[in-house]
Amino acid sequence: MKKIVLLAALAIFGVTSVNAQKNSKKAAASKVETPKVDGAGMVFENETIDYGTIQHNAEGTREFVLTNNGNKPLVIESTQGSCGCTVPTKPEKPIQPGEKGIIKVHYATDRVGQFTKTVTVKSNAVGQETKVLTIKGNVLPDAPTPATESKS
């Protein structure tokens with residue numbers, strides 16, 4: 001009886017190990033590799049930031065995260081918002097191959113209503129010296145304050 005239980009346990013363990021190896025191979029195969037570039041490269045995690053629906057005067061700063069997928073340093077030469085209400089900040093130092101960088105953008109949330117604005121990034125990235133990023137959202141108006149009754 002002990003031999004049967006031991007053999008059953010070994011069989012289950014063996015099947016589990018084989019399945020775990022198959023699953024880990026599938027996971028490794030499904031990993032997406034960022035294509036390498038000869039020169040400086042620039043790949044963004046997201047090219048659009050959706051603020052969603054936010055309160056009037058809410059925190060308006062967000063970040064675009066990028067990776068240099070090239071073999072030379074990436075230099076962000078300039079960042080320009082499409083209007084005065086969108087103020088981007090570029091990394092000051094070159095982004096080395098394989099490293100991440102951040103472009104911060106601040107939207108003036110004192111402006112009520114829907115918005116869609118762009119940030120133009122100029123760099124030494126091969127094949128995309130100019131890249132346009134988008135921010136969008138909706139700023140709610142302040143809630144009306146209840147009227148106070150005056151006593152006469």
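In this text, all values refer to a predicted model and were calculated from it rather than measured experimentally. Starting from 1, residues in each chain are numbered consecutively following that chain's sequence as written. It should be noted that, the model being predicted, local features are given only for residues of pLDDT at least 70 and side-chain atom pairs only at 80 or more, the latter also being counted only at that level, while totals for whole chains, interfaces and linings use all residues. Working from all heavy atoms in the structure, the side-chain values ignore hydrogens and water.

Considerations on the packing of aromatic side chains
Ring geometry is summarised as follows: Phe, Tyr and Trp rings, the Trp one being its six-membered ring, pair when their centres sit within 6.5 Å, and such pairs are stacked at plane angles under 30 degrees, edge-to-face over 60 and tilted between the two. Tallied over the entire structure, the rule returns four aromatic pairs. With a centroid separation of 6.3 Å and an interplanar angle of 70 degrees, the aromatic rings of Tyr 51 and Tyr 107 are classed as edge-to-face. One end of the pair, Tyr 51, is in strand β2 (residues 48–54); the other, Tyr 107, is in strand β6 (residues 100–107), and 56 residues separate them in sequence. Whether a residue is buried, partly exposed or exposed follows from its accessible area with a 1.4 Å probe, protein chains only, as a fraction of its type maximum: under 20%, in between, or over 50%, in that order. Its relative accessible area of 6% is what places Tyr 51 among the buried residues. Ring plane angle 80 degrees and centroid distance 5.4 Å describe the contact between Tyr 51 and Phe 115, whose orientation is recorded as edge-to-face. Within this pair, whereas Tyr 51 is found in strand β2, its partner Phe 115 is found in strand β7 (residues 113–123), the two being separated by 64 residues in sequence. Aromatic rings pair up to connect Tyr 51, Tyr 107 and Phe 115 into one cluster. In this description a helix means any DSSP run of H or I spanning at least four residues, a strand means any run of E spanning at least two, and both kinds are numbered starting from the N terminus.

Concerning the environment of Val 119
In this structure, Val 119 sits in strand β7. In this view, Val 119 contacts Thr 79, Gln 80, Thr 86, Pro 88, Val 105, Lys 131, Val 132 and Leu 133; residues no more than four positions away in its chain are not counted. Contacts: residue pairs with any heavy atoms within 4.5 Å of one another.

Concerning the environment of Val 65
Tracing the backbone shows Val 65 in strand β3 (residues 61–67). Placed 37 residues apart in sequence, Val 65 and Ile 102 show a C-alpha to C-alpha distance of 4.7 Å. Those residues in contact with Val 65, other than ones at most four positions away along the chain, are Val 43, Phe 44, Glu 45, Lys 100, Gly 101 and Ile 102.

Digging into the state of the cysteines
Disulfides are defined as pairs of cysteine sulfur atoms found within 2.5 Å of each other. Within the structure shown, the criterion is met by one disulfide. The disulfide bridge from Cys 83 ends at Cys 85, spanning 2.3 Å between sulfur atoms. What sets the handedness of the Cys 83 and Cys 85 disulfide is the S-S torsion sign, and at about -45 degrees it is left-handed.

Limitation: the analysis is restricted to geometry and does not speak to function.
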